[in-house]
Amino acid sequence: MVLSSVLGFPRIGANREVKKAVEAYWAGKLSAEDLIKAAADVKKSSWTSLKERGVDLIPSGEFSLYDHVLDHSAAFNAIPKRYQGLGLSALDVFFAMGRGRQADGVDVPACEMKKWFDSNYHFVVPELSEETDFKLLYNKVLAEYKEAKEIGVVTRPVVLGPISYLVLGKAAKEASPNFQPISLLPKLLPVYKQLLSELKAAGAESVQIDEPILVLDKGAELDKQYAFAYAELAPVSPKIMLTTYFNRLDSNINFIAKLPVAGLHIDLVRAPQQLGEVLAAIKSTPIVISLGVVSGRNIWKADFAAAIKFAQTAIAALGADRVVVATSSSLLHTPVTLASEKKLTEQQRDWFSFALEKAAEVATIAAVLSGSQDPKVSAALEANKISIAKRREFESTSDDAVRKRVAAITPDMYDRKSPFAVRKEVQAKHLNLPRFPTTTIGSFPQTKEIRTARAKLGKGEISQAEYDEFIKKEIELVVKFQEKVGLDLLVHGEPERNDMVQYFGEQLTGFVFTQNAWVQSYGSRYVRPPIIVSDVSRPTPMTVRWSSYAQSVSSKPMKGMLSGPVTILNWSFPRDDVPRKLQSQQLALALRDEVLDLEKAGISAIQVDEPAIREGLPLRRSDWDEYLQWAVDTFKLSTAGVTDATQTHSHFCYSDFGDIFPSIQRLDADVISIEFSKSDMKLLHTFKQYGYSNQIGPGVYDIHSPRIPSEAEIIERLKTTLAIIPDHLMFINPDCGLKTRGWKETEASLANLVAAARWARANA
Ligand code: GLN
Ligand code: ZN
């Protein structure tokens, strides 16, 4: 009998209940009890729905009110000192670590966040040192296992494995210079032993232990730690399903096959080629294989025939009892259910599966493999065959004009007319910015009024003309504010944009939109990625009228704002029938036209944001070159058409790019702004080491938190930065866009930023 399994489920709730409850709690409008209750209701509904869909192995414990890695840190007492002794409840300590806290005399910034592998999900980085005193403060996984059991759903608890937990962590400031978080493994294992043995005592038969680090190159150096840890854990634990995802195991399979685990999960959507090697390695062991055949990262309907073929290979090698059919990863990265989509056409609806539909998919595939005679199963199999055939037929159509244009791209289209040194002089005259120019990353607070106006437009309660008037007023407000506070290079504030990707997708051909397909980005922040379904082109200019309007109400230079091709691609659900490179080239050509139209309209600085360029990097080094070649090329294709006088900007979030630095250099943007306030100086040393000579704006404060940075704090930051980056290359800006912030903290923070820039002009 082949079992089905889902590795994790979205946390938001079908109607965004959890997001709303968490935000209401933060606003002081909901009690802790009511928040817990709202979360419990969503968990219950997820568990029951998965059971109803026929899933055998249902996950529990992976739910979170903010982030599951943070859940581990909080439960393990890996709580940095600055969050202790503040008189906060455990829940508030947890949120303070996630998002900082500035209230009632308490003022602590948030912990650092990082991208979860190559996804747009951010986790809160564990801060560890020799002093970290691991103990199990509470067993959240056990509590949720019991919560599910109480309503009659037997689940398989999920924990992040000890090695991945430590390797994802970073050395705290107080750690000694050579401290490596992995050195804490012997101290951490007792906590895991306790956690797992409590699960076992409560009756859990098996446990899913996630060790995604095993798909990375660095997994190879951790073989001894894996052997040591799992030999300790296996005897006290429920049966362990060692779970990997997002990439292939490569040679790591050699030591993994020797671990005392009951099962191994592999991702066959991302890395189908690994099946043969993995089967060969575990054939003579008792290890069960869990096959990730239904994508946890994309929303296309699974091709049952292809999945069944994979599974049959595994069954032939190991026997049906040693095969599980599963989602490739947690379904955290997919929206809850297609049932919430009322506006898709019948044709589109037939292409997609969201989390709940995917659950039904794994159940059906497993049932087919188990020889089910249920007529519903054969009907589902037949229906899938028809859907897949229809989609293949649609995929065979293309936009010939777009394809021809891509084929005609020539190498000179990637390069600016003159080198940076020449451009810098021309731009200095043209833009006339002071030393230490101040600017922002683009968006200003997306207020309730803005969202309401947009919603009204959507419902037809106001006309397009009324909405446009409203947007103009907003732009004027933002421009006047920037003039008043003393910023140098202005922006229009992006009030017209619902989201930096969706906004562009809506104006390009080839995209499909959803109403409710929210996916978690960080904390309570969710995005609704558009879906690329066919060739992309730009029928008409997308941003020119708003940027021109903003320029018309100010004599200061205005910066035009676009989202870059790689980011639009990474933050959409991409097609899976053509390479990502082709999709990015098509986007780049559309953006190139937009950039040139902005220039023609008198916009002298144009920012093309690529916050997702690092996140799209393949997880294994051997795959990097190919990606970086097209990713950098397509960015350049979108920007390089302008004259020397036009200043191109780009922006990156979570700029963990020390290791891809030559590619950042190759982008050749005149100015780049980077997320920096929570990183250490190592990144800037990289700029120095590579002799980076274009301009750079290392973010001087963290916008992911409502906390206001003081002028003195920003000056301190500038001083350390100036010790590394030459003053004539510096821009001064926040970390990222301000759309998630309120006006109050925005005004105060930017005033302090401008004051710090004035200090720099006078003193540095
Ligand atoms: N221009 C965008 C903004 O300011 C950039 C956002 C981002 O980097 N994620 O919101
Ligand atoms: Zn950013």
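Residues numbered from 1 in each chain as written. Chains lettered and ligands numbered in written order. Predicted model: local features only at pLDDT ≥ 70, side-chain atom pairs only at ≥ 80, totals over all residues. Heavy atoms only, no water.

## Some details on the overall build of the protein chain
And then number 1: Scanning the protein chain from terminus to terminus reveals 27 helices and 23 strands.
And then number 2: Computed over C-alpha atoms, the radius of gyration of the protein chain comes to 26 Å, within 12% of the 27 Å expected from 2.2 N^0.38 for 764 residues, which places it in the range of a compact globule.
And then number 3: Principal-axis analysis of the C-alpha atoms places the extent of the protein chain at approximately 75 × 60 × 50 Å.
And then number 4: Counting every position in the protein chain, which comprises 764 residues, the buried fraction comes to 62%.
And then number 5: Put simply, 79% of the contacts in the protein chain that link residues at least 6 apart link residues at least 24 apart.
And then number 6: Of the side chains in the protein chain, 92 bear a positive and 92 a negative charge, and the two mean positions are spaced by 1 Å. (Helix = DSSP H or I, 4+ residues; strand = E, 2+ residues; numbered from the N terminus. Rg over C-alpha atoms; globule rule 2.2 N^0.38 Å. Buried < 20%, exposed > 50% of the residue type's maximum accessible area, 1.4 Å probe, protein only. Contact = heavy atoms within 4.5 Å. Lys, Arg positive; Asp, Glu negative; His and termini not counted. Charge placed at Lys NZ, Arg CZ, Asp CG, Glu CD.)

## Structural notes on the pattern of salt bridges
And then number 1: Within this structure, the stated rule accounts for 51 salt bridges.
And then number 2: With a closest N to O distance of 2.6 Å, R538 and E594 form a salt bridge. Of the two residues, R538 is situated in the loop between β18 (531-532) and α20 (544-552) and E594 in helix α22 (residues 580-600); the sequence distance between them amounts to 56 residues. In terms of burial, R538 and E594 fall into one category: buried.
And then number 3: The residue R575 makes a salt bridge to D577 at a minimum N-O spacing of 3.0 Å.
And then number 4: Overall, the relative accessible area of 5% leaves R575 in the buried class.
And then number 5: Residue classification places D577 among the partly exposed residues on the basis of a relative accessible area of 28%.
And then number 6: Where salt bridges share partners, they join K43, D71, K140, E144 and E147 into one cluster. (Salt bridge = Lys/Arg side-chain N within 4 Å of Asp/Glu carboxyl O.)

## Observations concerning the packing of aromatic side chains
And then number 1: Here the structure, examined in full by the defined rule, presents 30 aromatic pairs.
And then number 2: Between the aromatic rings of F76 and Y165, the centroid separation amounts to 5.6 Å while the plane-to-plane angle is 75°, which identifies the pairing as edge-to-face. Note that F76 is positioned in the loop between α3 (68-75) and α4 (90-99) and Y165 in helix α6 (residues 162-168), a separation of 89 residues in sequence. Here F76 and Y165 have matching classes, each one buried. (Phe/Tyr/Trp six-rings, centres within 6.5 Å; stacked < 30°, edge-to-face > 60°.)

## Regarding the sheet that holds strand β1 (residues 3-5)
And then number 1: Strand order in this open sheet of 8 strands is β1-β14-β13-β12-β11-β10-β8-β2, and the pairing throughout is parallel. The open sheet is flanked by β1 and β2 (58-60), the only strands paired with a single partner. When the angles between neighbouring strand axes are averaged without regard to direction, this sheet yields 30°.
And then number 2: Pairing between strand β12 (residues 263-267) and strand β13 (residues 288-294): 5 bridges, direction parallel. The partner of I266 across the bridge, within β13, is L291. (Pairing = 2+ DSSP bridges. Axes fitted to C-alpha atoms, helices over the stretch in contact; angles between N-to-C directions.)

## Quick notes on the packing of helix α15 (residues 400-407) against α22
And then number 1: With their axes 10 Å apart at the nearest point, α15 and α22 run at an angle of 90° to one another. Looking at the two axes, α15 sits roughly perpendicular to α22. Of the residues in α22, those touching α15 at V402, R403, R405 and V406 are L582, Q585, Q586, L589 and D593.
And then number 2: Its residues placed into classes, the contact of α15 with α22 shows 4 nonpolar, 2 polar and 3 charged. (Parallel < 35°, antiparallel > 145°, perpendicular 65-115°, else oblique. Nonpolar A, V, L, I, M, F, W, Y, C, P; charged D, E, K, R; others polar.)

## Quick look at the pairing of strand β14 (residues 323-327)
And then number 1: Among the 5 residues in β14, 5 count as buried, and that is most of the element.
And then number 2: Bridging between β1 and β14 involves 3 bridges; their strand directions are parallel. Following the sheet pairing, S5 is matched in β14 by A326.
And then number 3: In this sheet, β14 lies alongside β13 in parallel orientation, the contact comprising 5 bridges. Along β14, the bridge assignment pairs G292 with A326.
And then number 4: The β-α-β motif built from β13, the intervening helix α11 (residues 304-318) and the parallel element β14 has right-handed crossover chirality. (Right-handed = clockwise from strand over helix to strand, strands pointing away.)

## Some remarks on unusual backbone geometry
And then number 1: Phi at F117 is positive, roughly 50°, even though this residue is not glycine.
And then number 2: Of note, F117 is situated in the loop between β5 (113-115) and β6 (122-124).
And then number 3: With a phi angle near 80°, F246 is a residue other than glycine that sits in the positive phi range.
And then number 4: Mapped onto the elements, F246 comes out in the loop between β11 (239-243) and α9 (253-256).
And then number 5: Accessibility expressed as a relative area gives 2% for F246, which makes it buried.

## Examining the nonpolar core
And then number 1: Core analysis: the largest hydrophobic core is formed by 103 residues, its most contacted members being F76, W116, F134, Y165, Y230 and I289.
And then number 2: Among the elements that line this core, the one with the most residues is helix α7 (residues 185-201), at 8 residues.
And then number 3: Every residue in contact with Y230, bar those within four places of it in the chain, is listed here: G161, P162, I209, E211, P235, I240, L242, L259, P260 and V261.
And then number 4: If you look at the next biggest cluster of nonpolar residues, it comprises 92 residues, including F436, F444, V608 and W743. (Core = buried A, V, L, I, M, F, W, Y, C linked by side-chain atoms within 4.5 Å.)

## Some thoughts on the site of ligand 1
And then number 1: Not every one of the 13 residues close to ligand 1 is listed here, only the nearest: S443, E494, D609, H651 and K739.
And then number 2: One of the side-chain N or O atoms of H651 is found 3.1 Å from an oxygen atom in ligand 1.
And then number 3: About the coverage of ligand 1: the protein hides 96% of its 290 Å² of free accessible area.
And then number 4: Counted by class, the shell around ligand 1 contains 6 nonpolar, 4 polar and 3 charged residues. (Near = heavy atom within 4 Å. Polar contact = N/O pair within 3.5 Å; in protein donor to acceptor, adjacent residues only side chain to side chain. Areas by Shrake-Rupley, 256 points an atom, 1.4 Å probe, with all protein chains shown as cover.)

## Some remarks on the UniProt feature "binding site: L-homocysteine" (unreviewed entry) in the protein chain
And then number 1: Feature annotation in UniProt assigns "binding site: L-homocysteine" (unreviewed entry) to the following positions: I441, G442, S443 and D609. These annotated residues cover 169 residues of sequence, but their C-alpha atoms sit close together, with the largest distance between any two at 11.7 Å.
And then number 2: Locating I441 in the fold gives a position in the loop between α16 (420-431) and α17 (448-459).
And then number 3: Discounting chain neighbours no more than four positions away, the residues touching I441 are E494, M561, Q607, D609, H651, S673, N733, P734, D735, C736 and G737.
And then number 4: Along the polypeptide, S443 turns up in the loop between α16 and α17.
And then number 5: When near neighbours in sequence (up to four residues on either side) are disregarded, S443 contacts G493, E494, G737, L738 and K739. (UniProt positions renumbered as here; feature names shortened; annotations may be inferred.)

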